[in-house]
Amino acid sequence: MVKAHPFMPGSWQTPTFLKWLRRTHAWMGLGGAVAGVLFSITTLFMEHDDFGLNDEAVPNTVMEFAVPNSALASYDDFRAYAREQVGARRSGGPPRNFTPSDDPLDYRVRFNSPGDAIDVQFQAGDEVAQAVRTNRSFIDTLNRLHRAEGGPLGWRILSDAYTGALVVLALTGVLMWSRLHGHRLLGIGLFSGMFVFALYFMTLTP
Amino acid sequence: MMSSGQEKRGLASHPLMPSPIATPVGVRWVKKTHAWTGIVTAVLALTFAWSGFMLNHRTHFTLGLPAQTTQFTIPAPVTGFASPQELADFLDAEFGLRTNPTLASREATTQPAGMGMGMGQAPASTSPAAAGVPSAAAGSSPSAARGPSFSASWQAPGGDFSGEWVLGSSEIAVTQSERGFNRIVNRLHSGRGLEGGGWHFIISAYAVMLLFLSLSGVMLWSRVSGPARVGGGLLGASLVLIGAWIVIGP
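What you see is a predicted model, and the numbers here were worked out from it, not measured in a lab. (Residues numbered from 1 in each chain as written. Chains lettered and ligands numbered in written order. Predicted model: local features only at pLDDT ≥ 70, side-chain atom pairs only at ≥ 80, totals over all residues.)

(A) Just the overall build of chain B, in detail. For chain B, the count of helices and strands is 8 helices and 5 strands. When burial is assessed residue by residue, chain B has 32% of its 250 residues classed as buried. A separation threshold of at least 6 residues defines the contact pool for chain B, and within that pool the share at least 24 residues apart is 62%. (Helix = DSSP H or I, 4+ residues; strand = E, 2+ residues; numbered from the N terminus. Buried ≥ 20, exposed ≤ 12 C-beta atoms within 10 Å, placed from the backbone. Contact = placed C-beta atoms within 7 Å.)

In structure tokens form, the structure reads like this:
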């Protein structure tokens, strides 16, 4: 039997399975295309210092607001009050590696996002609470999305879907390789070449 | 201007292909290049997808054991070392190291107050033999005072290696660590500790190829895959969704 698809087991090469394979590859590919562009461009940004397009630092914005005693009853009260004052959309929480303390009073709330972040701080003896808004450039925001920093849960789930799709795309793509695309041996050569190359770095010890 | 018949045929089979490329020759070229790029990057796609999944959840869980670290000392040559480079060469010859070292020369650390050793002794004694005494203690308690030192460290995906020699000391303190597979691929993904190797070229090359695969893949959307309107809608929806996450504030 002449196999049109040299990397697919012969018994799988039915018109129905091929059609299913092509459709799965096409739908997952289209679904992940925007993510593919985002992740590849941000990879290049991060590897090459944003191509010098991102050298200007965006200054932070600082604001202060008074805190009534009712907002200091508990950390959650303070968080809700701070959220109202700074006009944050997300509910906020303690920054990483920080535990709020009631005695002595030390409250910090971070409202994070892939783009900007707002940090609110109030300590015992402070007259007013201080809110610092970290303003991030467009390129920084894209890079942060790539690294899932400050990313909402929905984005994490979507990135997971994208990694799953990428696995399926790689596997179905290899299966669909056909004689029309080029010589089988050259295909095997390129695939194994990259495999050996990756293996070299995976097994590289100091 | 190309003949309208050709252009129509190209557009009909691949509705999302821009019309200047949508000729039989253009479509075949995009198809072939997409296939070749795909097979070259298949291994990288699997590697980056798996490590990407792990890194996406790094704040919640880490798959794989932490790096296993061992510490020991080896005797230093009697002649000592004149520079960190000499120390690196010695360790290289001794352990057969494969990557390029990072060299450092550290100043003497000051002794914290309340330690048992004589206060006047450390600055006064400059002979190698005397300087060697605190270095032996330094192996067990890093906060203790010790003389200036040379260090050389090597980083690789599979593990790290470093050696430190206190000037005049008779031994070299060695720290060696080994990583498991999951931690190795995570490091490869982020490219940490892989300076100077060819890996950063691979990362960039893969990014360019992924960009091409994404764009050419959209162009190759065909009638067999589904209606153009639904395909284009899916594309637009994911663009809007990602755009929303970019513009929403904290």
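(B) Broad picture of the interface of chain B and chain A. Contacts between the two partners involve 56 residues from chain B and, on the opposite side, 61 residues from chain A. Looking at the side of chain B that touches chain A, the elements with two or more residues in it are helix 2 (24–56), strand 3 (149–156), strand 4 (159–166), helix 6 (181–190), helix 7 (199–219) and helix 8 (228–247) of chain B. Element by element, the count of residues in the side of chain B that touches chain A is highest for helix 2 of chain B, at 16 residues. Of the residues assigned to the side of chain B that touches chain A, the class counts are 36 nonpolar, 17 polar and 3 charged. (Nonpolar A, V, L, I, M, F, W, Y, C, P; charged D, E, K, R; others polar.)

(C) Examining the nonpolar core more closely. A:L38, A:L166, A:L169 and B:A45 are the most contacted members of the largest nonpolar core, which totals 39 residues. Mapped by element, the contributors of at least two residues to this core are helix 1 (15–47), helix 3 (138–146) and helix 4 (153–176) of chain A together with helix 2, helix 6 and helix 7 of chain B. The greatest single-element share of this core, amounting to 9 residues, is contributed by helix 2 of chain B. Sequence-distant contacts of A:L169, that is, excluding residues within four places in its chain, are made with A:H25, A:M28, A:G29 and B:A45. Counting 16 residues, the second largest nonpolar core, distinct from the first, contains A:F78, A:A82, A:A129 and A:A131. (Core = buried A, V, L, I, M, F, W, Y, C linked by C-beta atoms within 7 Å.)

(D) Looking closely at the environment of B:V78. As for its position among the elements, B:V78 is in the loop between strand 1 (68–75) and helix 3 (84–95). Sequence separation between B:V78 and B:S169 is 91 residues, and the spatial gap between their C-alpha atoms is 9.0 Å.

(E) The sheet that holds strand 1 of chain B, seen in detail. Residues and elements named next belong to chain B. On the basis of which strands lie adjacent, the open sheet formed by 5 strands has the order 1-5-4-3-2 and antiparallel pairing. On the outer flanks of this sheet lie strand 1 and strand 2 (102–106), each paired with one strand and no other. The average undirected angle you get between the axes of adjacent strands in this sheet is 15 degrees. Bridge count between strand 1 and strand 5 (residues 171–178): 8 bridges; the pairing is antiparallel. Its bridge partner lying in strand 5, P75 is registered against E171. Strand contacts of helix 3: strand 1, strand 2, strand 3 and strand 4, with the helix running at about 50 degrees to strand 3, the strand carrying the most contacts. (Pairing = 2+ DSSP bridges. Axes fitted to C-alpha atoms, helices over the stretch in contact; angles between N-to-C directions.)

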